[in-house]
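# Close look at the chain arrangement
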Amino acid sequence: MSVLESMVQEAASVAILGHIHPDGDCVGSTLGLWNYLRREYPQIQADVYLKDPSEKFAYLSGFNKILRHGEEKEYDLCICLDCGSEDRLGEFACYFRNAKKSLCLDHHVTNTRFAQVNLVADGASSACEALYEQLREEAVDKTVAECLYTGIVHDTGVFKFSSTSSRTMEIAGKLMAKGIDFGEIIDGSFYRKTYVQNQILGRALLESITFMDGKCIFSAIKKKDMEFYGVTSKDLDGIIDQLRLTEGVECALFLYETGPQEYKVSMRSQKQVDVSRIAAYFGGGGHVRAAGCTMSGSIHDVINNLAGHIAKELEASS
Ligand code: AMP
Ligand code: MN
Ligand code: MN
């Protein structure tokens, strides 16, 4: 029996948490586990807490059951998925702290092992892939498969990032065999964009700037631009991926303003730069090829600070 399943069997109530600004892997893994528990352990009271998940995941079973605001409650077990550190639990960290037992199931190389039991598969493409390994294959039904497939699709950029392994594809195949509409999951949750999402993507690409002889590229979106287009951070998905695909670029940076002189930074690299190390240095985290952090200062300051670290990484790898 898996570690997850043995811990679940001793609990009457389970809180399932992800991370702030939940992405596809976070929504997919938390709801995947919730649907699994509902089917296999209907006697357990299981609740998923996520702050402001994107409506594009509303097709996942249980999406409308996600709890968005916390109130004092003590669970027997708290399971944190796709979350590398306690601060990333955001306002729901109270359920983690109050729970009798805690388990973190994650795949971030920067994971701080903050729970009582930590299963960190840093070679796995996604938390969904790591979660699949903890479940009994025959008990994974179509609703669970839709969730896990969604997470794998999002964290692998549709099966292309370096974290995609033959095991990832094997699991995706097994999930497909559960009868999911895989094409619609990919189009509907990953590629489809609203008109304003396309506009802000276009604007970010138009204003992008290359530096370090074209090896790096960055683009930044100010709060006033987000207000002008009527978009929130959830509408900015995909911008960093397109920047990353610019020919000759090793490292792509995307910034959006989160407060006065404060930016959320997304970083992606191709082959040489370990962006997880740079993000961790600035208090964030992530993976070798995809990481993020929040930084203070002007756009100019942020890029200057990051450029120094990128240059060192490039030097070290050449
Ligand atoms: P993003 O650029 O926000 O898409 O994030 C890329 C990867 O880095 C994801 O796996 C995130 O979970 C992780 N990440 C982003 N921001 C942070 C942060 N502030 N702290 C830790 N991990 C982060
Ligand atoms: Mn995530
Ligand atoms: Mn993930």
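Being a predicted model, the structure only gives us computed values, none of them experimental. (Residues numbered from 1 in each chain as written. Chains lettered and ligands numbered in written order. Predicted model: local features only at pLDDT ≥ 70, side-chain atom pairs only at ≥ 80, totals over all residues. Heavy atoms only, no water.)

Turning our attention to the coordination of the manganese ion (ligand 2). Any two of four tetrahedral donors ideally make an angle of 109.5 degrees at the metal, while pairs among six octahedral donors ideally make 90 or 180 degrees. Surrounding the manganese ion (ligand 2) are the protein donor atoms His19 (NE2), Asp23 (OD), Asp23 (OD) and Asp82 (OD), which sit 2.1 to 2.6 Å from the metal. Sequence positions of the donors to the manganese ion (ligand 2) reduce to the motif H-x3-D-x58-D. The distance between the manganese ion (ligand 2) and the manganese ion (ligand 3) comes to 3.6 Å, with Asp82 serving as a donor to both metals. (Donors = N, O, S within 2.8 Å, 3.2 Å for Na, K, Ca; no water.)

Take the domain arrangement of the protein next. Partitioning the protein into domains gives domain 1 (3–191) and domain 2 (195–317). Taken over C-alpha atoms, the centre of domain 1 sits 26 Å from the centre of domain 2. In this complex, domain 1 contributes twelve residues to the contact, which on the side of domain 2 involves 13 residues. Both sides of the domain 1 and domain 2 interface together cover about 940 Å² of buried area, and 51% of this is carbon and sulfur. Counting across the domain 1 and domain 2 interface gives two salt bridges. Here Lys234 and Asp52 are joined by a salt bridge, their closest N and O atoms 3.3 Å apart. At the junction of domain 1 with domain 2, the criterion picks out five residue pairs in polar contact (both at pLDDT 80 or more). For the side of domain 1 that touches domain 2, the class distribution of residues is three nonpolar, six polar and three charged. (Domains from an automatic or database assignment. Contact = heavy atoms within 4.5 Å. Buried area = accessible area lost by both parts, 1.4 Å probe. Salt bridge = Lys/Arg side-chain N within 4 Å of Asp/Glu carboxyl O. Polar contact = N/O pair within 3.5 Å; in protein donor to acceptor, adjacent residues only side chain to side chain. Nonpolar A, V, L, I, M, F, W, Y, C, P; charged D, E, K, R; others polar.)

Assignment of secondary structure puts Cys80 in strand β3 (residues 77–81). Judged by relative accessible area, which is 0%, Cys80 ranks as buried. Taking C-alpha positions, Cys80 is 31 Å from Val302, a pair spaced 222 residues apart along the chain. (Helix = DSSP H or I, 4+ residues; strand = E, 2+ residues; numbered from the N terminus. Buried < 20%, exposed > 50% of the residue type's maximum accessible area, 1.4 Å probe, protein only.)

A word on the site of ligand 1. Neighbouring ligand 1 are 13 residues; His108, Lys264, Ser266, Arg268 and His287 lie closest to it. One of the backbone N or O atoms of Gly292 is found 3.5 Å from a nitrogen atom in ligand 1. Here ligand 1 loses 81% of its free accessible area of 480 Å² to cover by the protein chains. Breaking the shell around ligand 1 down by element, the ones donating at least two residues are β9 (262–269), β10 (285–286) and β11 (290–296). Among the elements that line the shell around ligand 1, the one with the most residues is β11, at four residues. (Near = heavy atom within 4 Å. Areas by Shrake-Rupley, 256 points an atom, 1.4 Å probe, with all protein chains shown as cover.)

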